[in-house]
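These are the residues of each chain, in order.
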Amino acid sequence: MISKPMIYDEVALGLRVRGLPEEEIREKVYATLKICGLYPFRNWPVSALSFGQKKRVSIASVLVMNPEILILDEPTAGQDYRHYTEIMEFLKELNERHGITILMITHDMHLMLEYTRRAIVIADGRLLADASPAKILTNEELADEAYLKKTSLYDLALACGIEEPAELVEHFIACERQKRLQEREA
């Protein structure tokens, strides 16, 4: 939730509430805005930003507080594929380069397959599974119990008589990641 009209003020809000000196606030806000790719816009109004940039401002407002864990609810909601990929690659970088654990709540099964190493399934107030996304989305009984949509790759594996559908899903996702990496490098 964004509550300040200017980007800098929004990101600085939590630090100001904690009573940090203004010089320290400026230093931390500028560093965080650089990490989030928002430094050139530091003096802009939030209203001038795109939807995806506003999401980054929200994330910057939390990152400036130096959290160990960042919890995001549907981080790609309302975004097209390009912006979806941008925000997820940004989150991946936060995790890999800055050591921040990212916990996502999502109904997007492809996002889960593509960007997570671990998935926890909770349904009806119970923990049903803690495994790799591919193992979860190729477990028909679990998918039914948790009201999850099985991946079409699972259906393909069954149709082809593949004994370990999770391996096909993991291989497909690995190939997709590799292709995206090659496209970025080109």
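Up top is the structure these notes are about.
Quick summary incoming for the structure in this document. (Residues numbered from 1 in each chain as written. Predicted model: local features only at pLDDT ≥ 70, side-chain atom pairs only at ≥ 80, totals over all residues. Heavy atoms only, no water.)

### Notes on the side chain of Thr-138
Okay, so step 1: Within the secondary structure, Thr-138 is located in the loop between helix 6 (133-137) and helix 7 (140-145).
Okay, so step 2: Separated by 2.7 Å, the side chain of Thr-138 and the backbone oxygen of Ala-134 make a polar contact.
Okay, so step 3: A polar contact of 3.5 Å, which involves the side chain of Thr-138, links it to the backbone oxygen of Lys-135. (Helix = DSSP H or I, 4+ residues; strand = E, 2+ residues; numbered from the N terminus. Polar contact = N/O pair within 3.5 Å; in protein donor to acceptor, adjacent residues only side chain to side chain.)

### Structural notes on a nonpolar patch on the surface
Okay, so step 1: Taken together, the side chains of Ile-69, Ile-71, Leu-103 and Ile-105 make up a nonpolar region of the molecular surface, amounting to roughly 360 Å² of accessible area.
Okay, so step 2: For the nonpolar patch, the secondary structure elements donating two or more residues are strand 1 (69-73) and strand 2 (101-105).
Okay, so step 3: When you line up the elements, Ile-71 lands in strand 1.
Okay, so step 4: Residue Ile-71 is classed as exposed on the basis of its relative accessible area, which comes to 55%. (Patch = residues over 30% accessible without salt bridge, like charges linked within 9 Å, V, L, I, M, F, W, Y side chains within 5 Å. Areas by Shrake-Rupley, 256 points an atom, 1.4 Å probe, with all protein chains shown as cover. Salt bridge = Lys/Arg side-chain N within 4 Å of Asp/Glu carboxyl O. Buried < 20%, exposed > 50% of the residue type's maximum accessible area, 1.4 Å probe, protein only.)

### Description of helix 1 (residues 7-17)
Okay, so step 1: For helix 1, the set of buried residues is Ile-7, Tyr-8, Glu-10, Val-11, Ala-12 and Leu-15.
Okay, so step 2: Buried residues along helix 1 sit in contact with helix 2 (22-35) and helix 3 (51-63). (Contact = heavy atoms within 4.5 Å.)

### Structural notes on the state of the cysteines
Okay, so step 1: As enumerated under the stated definition, the model contains 0 disulfides in all.
Okay, so step 2: Its sulfur unpaired, Cys-160 is 15 Å from the next cysteine sulfur, which belongs to Cys-175.
Okay, so step 3: Taking relative accessible area as the criterion, Cys-160 reaches 52% and is therefore assigned exposed. (Disulfide = S-S within 2.5 Å.)

### A closer look at the nonpolar core
Okay, so step 1: In terms of nonpolar packing, the biggest core is built from 30 residues, with Val-29, Ile-59, Leu-70 and Leu-91 touching the most fellow members.
Okay, so step 2: With 6 residues, helix 4 (residues 81-98) is the single largest residue contributor to this core.
Okay, so step 3: Setting aside anything within four residues of it in sequence, one finds Ile-59 in contact with Leu-70, Leu-72, Ile-87, Phe-90, Leu-91 and Leu-94.
Okay, so step 4: Judged by nonpolar contacts, the second largest core, of 17 residues, contains Ala-123, Leu-128, Ala-129 and Leu-142. (Core = buried A, V, L, I, M, F, W, Y, C linked by side-chain atoms within 4.5 Å.)

### Observations concerning the packing of aromatic side chains
Okay, so step 1: Counted under the stated rule, the structure contains 4 aromatic pairs.
Okay, so step 2: Aromatic side chains Tyr-8 and Tyr-30 sit 5.8 Å apart centroid to centroid with 70° between the ring planes, which places their arrangement in the edge-to-face category. Of the two residues, Tyr-8 is situated in helix 1 and Tyr-30 in helix 2; the sequence distance between them amounts to 22 residues.
Okay, so step 3: For Tyr-8, a relative accessible area of 11% translates into the label buried. (Phe/Tyr/Trp six-rings, centres within 6.5 Å; stacked < 30°, edge-to-face > 60°.)

### Side note on the packing of helix 1 against helix 2
The angle between the axes and the distance between the axes are what describe a pair of packed helices.
Okay, so step 1: Between helix 1 and helix 2, the least distance of the axes is 9 Å, while the angle of their chain directions is 125°. It follows that helix 1 is oblique to helix 2 by the angle criterion. With respect to the hand of their crossing, helix 1 and helix 2 are arranged in right-handed fashion. Across the interface between the two elements, Ile-7, Tyr-8, Val-11, Ala-12, Leu-15 and Arg-16 from helix 1 touch Glu-22, Ile-25, Arg-26, Lys-28, Val-29, Tyr-30 and Leu-33 from helix 2.
Okay, so step 2: Taken together, the residues that form the contact of helix 1 with helix 2 break down as 9 nonpolar, no polar and 4 charged. (Axes fitted to C-alpha atoms, helices over the stretch in contact; angles between N-to-C directions. Parallel < 35°, antiparallel > 145°, perpendicular 65-115°, else oblique. Left-handed = near helix turned anticlockwise from the far one by under 90°. Nonpolar A, V, L, I, M, F, W, Y, C, P; charged D, E, K, R; others polar.)

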